[in-house]
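Structural characterization, general
So the chains spell out like this:
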Amino acid sequence: MGHGIWNTIKFALLRESSRGNRVMLTTRKADVASASCTESLGYIHRMEPLSSEDSWTLFCNKIFKGNSCPGHLMDVAKGILGKCEGLPLAILAITGLLALKGVNRTEEWEMVRRSLGGELEGTGKLDRVKKILSLSYNDLPWHLKTCLLYTSIYPEDYAIECYDLINLWIAERFVEWREGMSIEDVAWGCLSELVNRRLIQVTDVFYEGLPNTCRIHDLLREVILLKSREQNMVTVITEQLTRWPSEKVRRLVVHGSSSNNTQHHQQRPNYCFDHLRSFVTVGSTNLLLHKMLLSEVSRSSKLLKVLDLTGQEAQKKIPNEIFKMFRLKHLDLYGTGVERVPKAIGKLQHLEYLNLGETGVRELPTEILKLQKLRVLRVYQQVDSSDADYGYHGFKAPSNMVRLLALEILDCIDASSGSTIVKEIGKLTQLRELYITKLRREDGKELCSSLANLTSLRELSVTSIGKGDDHEIIDLNHHHPSLSSSSSSFLQSLRMLILRGRLEKMPKWIVHLHGLVRIDLDWSGLRSEEDPFESLQHLPNLVSINFCGSYQGEGLCFKAGGFLKLEWMYLKRLEGLRWMRVEEGALPRFHELILEQLPLLDELPLGIQHLSHLQGLYLYEMSSKMIEKVENQKEESEDYRKIAHIPEIVIGCYTDDGEWRQHSLWAEKK
């Protein structure tokens, strides 16, 4: 990046002012730091290595969980730590390796110290880190090495979707089935091990603590790219490539580019796709390039197992070339413009993963039933692209869906055709995730019978016919032996429950969901005598609650001894709610509360001072009366002291011209 560009953006960086937002730039290059300063070098903060004390604290925290180092390891541990020279990434990498050696295996610790011996002497700090990272890589078992090297398909600083990554590993057969475990659980285990070894950094988590997004540190990525090139594992090109790869390509990845110039692609390139196993696009939207590549791949490759065209909005139909790829296991067309699935889909009989999420597909042909190995089937589109509260369109399935016995994930099936499809769902006994839309009220009893057979189900989402306040009633209050006992396999296995539609009463079996971690109730419209908290407060593992238009009552009370593990709550569009109360002893782990569009709620929850672990309070589009009270509290007042322990209080609303504005209460106070 040239100095002219820095001159353009440098005025956004840290300056002497008490107003406005700030941008902090991090870089390994001194000239970049100098160029980005506005007037002098005064705003450059040069990061120094950790002190010996801080290095030792970090080292012990990561390996010994905060305990002291055993005496017999003291010398070897300090010898290894000394090689890291206070560099945090090096310390994290080496502790990830040592944590697996065990504290009683001194000889293995000595082996690590010897491996870090003379070869690190005299090297620069960054080279030293890379060598330590290489040692951590070399210590991996073979299957984890291939899993880690596969992350070279992503650009630098890319937010990697963990679910997508583990399914690519599965398709590539980097992970294998183990007795008593699903292949997906095995893949999650591999990701967890790489995280524990500090080789992958988690940046966001799901409701259940599973990683949602992750990243690779740029220094480790350099090591991975080098090893990947050595093994010819992945070939990465950009939309603006100036030369085509000449080697035998095993996995081809196309990265996006800021330019739309495609002139280099007009001539047929000289490359070999005979051994191609994967074709993946990451942020690339060059339809002309993709068409040309697909044509060449279908002509020359007989081994292709993975095809990922995610985000190709200009791709309006599934290319015919795909139906010649008979060995294909993984087809991801998420976010494309595809609106129809042709009958030729039946030719892909090795297909295990089909993602048509956020496409216009609303129906699948009968030929889909030929895909007997299909494990994941996602076909859905958000009803309102600006508001997820209104749910998703699903797909109309052909009859005899029961033939797809390998299905583990079914998202999202349209049940408006009647009870036959609902009954068939109960025969898909491998299901782990089930999303149903347009359920009719009269089919609720049949659904309860089907759910009783799904003993491995972890996620269940049920949406009734209608939209918003016009949803039909979801009737799941039917007696079934497997839904009335806490020992039921279905009730034990369920981790997430989403009900989107009117409820006359909370389903009675909810009180038995002892493994439930997250519950969403949207548009339930429960009457005041049907307080949902009565059914939920004693669920032992409930962490997350999300309510939207789900309760008509005037008040909600968190009773003492209730919600012992709840950490997060989002209450939205509860238009009759006038008060909330927190009793002492309730919500001992609670740390985030979001209140949005609660027009009659004029006061913060009574007893909010009891939420000693509350880290964030977010007030969005709340009544002007409440906001005025919160913003105008005097520091010596009792009301101020009740919320002074909350580190972050954010207030947000739309302005008269439709622009969203939000601000931090404490930033203004300071």
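Going by the structure above, here's the rest.
Computed from a prediction, not measured in an experiment: that's the story for all the values here.

Rules of the game
Note that residues are indexed from 1 along each chain, following the sequence as it is written. Selection of residues for local features in this predicted model requires a pLDDT of at least 70, selection of side-chain atom pairs for listing and counting requires 80 or more, and totals for whole chains, interfaces and linings are taken over all residues. The side-chain numbers reported here are obtained from all heavy atoms of the structure, hydrogens and water having been left aside. What makes a salt bridge here is a side-chain nitrogen of Lys or Arg within 4 Å of a carboxyl oxygen of Asp or Glu, nothing more. Exposure categories follow from relative accessible area, calculated using a 1.4 Å probe and restricted to protein chains: below 20% of the type maximum is buried, above 50% is exposed, and the middle band is partly exposed. Only the contacting stretch of a helix is used when fitting its axis, a line to C-alpha atoms as for every element, and angles between N-to-C directions run 0 to 180 degrees. Where helices and strands are cited, they refer to DSSP runs of H or I of at least four residues and of E of at least two residues respectively, numbered from the N terminus. Note on convention: near helix rotated counterclockwise from far helix by under a right angle means a left-handed crossing. Clockwise means right-handed. Should any heavy atoms of two residues lie within 4.5 Å, those residues are considered in contact. Ten residues, namely Ala, Val, Leu, Ile, Met, Phe, Trp, Tyr, Cys and Pro, are considered nonpolar, four, namely Asp, Glu, Lys and Arg, are considered charged, and the remaining ones, Gly among them, are considered polar. Side-chain atoms alone can form a polar contact between residues adjacent in sequence; in general such a contact is a pair of N or O atoms within 3.5 Å, and within protein one must be able to donate a hydrogen while the other accepts it. Paired rings are identified among Phe, Tyr and Trp, the last through its six-membered ring, by centres lying within 6.5 Å, and are further divided according to the angle between planes into stacked (under 30 degrees), edge-to-face (over 60) and tilted (the rest).

Things to note about the pattern of salt bridges
- Scanning the entire structure with this criterion turns up 26 salt bridges.
- In this structure, Arg518 engages Asp520 in a salt bridge whose closest nitrogen and oxygen atoms are separated by 2.7 Å.
- The class of Arg518 is partly exposed, set by a relative accessible area of 22%.
- Salt bridges linked by common partners bring Asp185, Glu408, Arg432 and Arg458 together as one network.

A short note on the packing of helix 3 (residues 52-64) against helix 4 (residues 74-84)
- Between helix 3 and helix 4, whose axes approach to 11 Å, the crossing angle comes to 115°. Our pair here, helix 3 against helix 4, has a crossing hand that is right-handed. Contact with helix 3, carried on its side by Ser55, Trp56 and Phe59, involves Met74, Ala77, Lys78 and Leu81 of helix 4 and no other residues of that element.
- Among the residues forming the contact of helix 3 with helix 4, the class breakdown is five nonpolar, one polar and one charged.

Topic: the environment of Gln381
- By secondary structure assignment, the location of Gln381 is in strand 10 (residues 376-382).
- Along the chain, Gln381 and Glu358 lie 23 residues apart, while their C-alpha atoms are 4.2 Å from each other.
- Here Gln381 is in contact with Glu358, Thr359, Gly360, Arg362, Tyr392 and His393, once residues within four sequence places are set aside.
- Here Arg362 takes part through its side chain, which lies 2.5 Å from a polar atom of the side chain of Gln381.

Here we look at the packing of aromatic side chains
- Within this structure, the stated rule accounts for 16 aromatic pairs.
- Taking 6.1 Å as the distance between ring centres and 90° as the angle between the ring planes, the aromatic pair formed by Trp568 and Tyr570 counts as edge-to-face.
- Residue classification places Tyr570 among the buried residues on the basis of a relative accessible area of 18%.
- Ring geometry for Tyr620 and Trp660: centres 5.6 Å apart, planes at 70°, overall edge-to-face. Of this pair, Tyr620 sits in strand 22 (residues 616-620) while Trp660 is found in strand 24 (residues 660-664), placing the two residues 40 residues apart along the sequence.

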